[in-house]
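Chains, contacts and geometry: an overview
Below, each chain spelled out in residue letters.
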Amino acid sequence: EVCACGRAQASAVYQVARLARARGVPILADGGISSPGHIVKALCLGAGAAMCGSLLAGTEESPGEYTYSEQGVRLKRYRGMGSIEAMKKGSDDRYFGADAALKVAQGVSGTVQDKGSVHRFVPYLVQSVKHGLQDIGARSVVELREQLYSGQLRFELRSSAAQREGGVHGLHSFERRLFA
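Basis of the calculations
Residues numbered from 1 in each chain as written. Predicted model: local features only at pLDDT ≥ 70, side-chain atom pairs only at ≥ 80, totals over all residues. Heavy atoms only, no water. Core = buried A, V, L, I, M, F, W, Y, C linked by side-chain atoms within 4.5 Å. Buried < 20%, exposed > 50% of the residue type's maximum accessible area, 1.4 Å probe, protein only. Helix = DSSP H or I, 4+ residues; strand = E, 2+ residues; numbered from the N terminus. Contact = heavy atoms within 4.5 Å. Phe/Tyr/Trp six-rings, centres within 6.5 Å; stacked < 30°, edge-to-face > 60°. Lys NZ or Arg CZ within 6 Å of the ring centre and 35° of its normal. Pairing = 2+ DSSP bridges. Axes fitted to C-alpha atoms, helices over the stretch in contact; angles between N-to-C directions. Expected span 1.5 Å × (residues − 1). Arc of directions from axis to C-beta.

**Things to note about the nonpolar core**
Within the largest apolar cluster, 24 residues are counted, with the highest numbers of intra-cluster contacts made by I39, L55 and L144. Counting only elements with at least two residues in this core, the list comes to α1 (9–22), α2 (36–44), α5 (118–136) and α6 (141–150). Not counting the four nearest positions on each side in its chain, L144 is found in contact with L43, C44, L133, I136, A138 and L153.

This is the structure:
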């Protein structure tokens, strides 16, 4: 990690949201959002929205060419905004690199699995966030905020054993489908 300053994303979102709330400024969680659960966590920590660049990268509407893995899985090229490839296409201004002789990557390029159309994927994300709020006991983001700032909403640390037990375990094999 080239530019990491040592602040965990969750802590950063929470601390900034606390200060921004006092001034009526909404905040956007950015960095590491790779599942609907991360969106729910960002909302729980006070974010008003979450950047979902890599999460939406495999959709038909996102830029990038399609390829196939050796196993026949359809993949799409992904270029993070801080990658050298993106900087060469003009994103270097946002990383203070427009006049720099040497470009230093602050992101990555790679491939992500095809996710189909955003018209099918976004409803999956919306429903997943609704399920997350339901599991927490909040009927809306407004109610979630009330729980956060009243102290009713709490996070717990889970041991690695609890994380393993909370996931798929004890099966010889399984298929993970995002939605049907």
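After that view of the structure, there is still more to cover.
**Details of the packing of aromatic side chains**
Taken as a whole and judged by the stated rule, the model has one aromatic pair. Geometrically, the ring pair formed by F121 and Y124 is tilted, given 5.4 Å between the ring centres and 40° between the ring planes. With F121 and Y124 both in helix α5 and three residues apart, this pair spans about one turn of that helix. Considered together, F121 and Y124 belong to a single accessibility category, that of buried residues. In this arrangement the basic side chain of R21 is found over the ring face of Y149, its NZ or CZ atom lying 3.8 Å from the centre. Across the ring face of Y66, the terminal group of R74 is positioned such that the distance to the ring centre comes to 3.5 Å.

**Focus: the sheet that holds strand β3 (residues 66–68)**
Pairing between the strands of a sheet is mediated by backbone hydrogen bonds and can be parallel or antiparallel. Spatially, the three strands line up as an open sheet ordered β3-β4-β5, and their pairing is antiparallel. The sheet is open, and its two borders are formed by β3 and β5 (109–113), each paired with just one other strand. The average undirected angle you get between the axes of adjacent strands in this sheet is 45°.

**Points about the pairing of strand β4 (residues 74–79)**
Looking down a regular strand, the side chains alternate between one sheet face and the other. One ladder, built from three bridges, connects β3 with β4; its direction is antiparallel. Counterpart to Y68 in the pairing with β4 is R74. Judged from the five bridges that link them, β4 and β5 form a sheet pairing that is antiparallel. In the sheet register, R79 faces β5, and the bridge partner there is S109.

**Here's the deal with α1**
Here α1 spans 20 Å end to end across 14 residues, near enough to the 20 Å set by a 1.5 Å rise per residue. Every buried residue of α1 is listed here: V13, A17 and A20. The buried residues of α1 occupy an angular sector of 70° when projected down its axis, which confines them to one face. Among the exposed residues of α1, those oriented more than 90 degrees off its buried face are L19 and A22. Those residues of α1 that are buried lie in contact with β1 (28–29), α2 and α6. G24 occupies a position one or two residues after α1 and carries a positive phi of about 70°.

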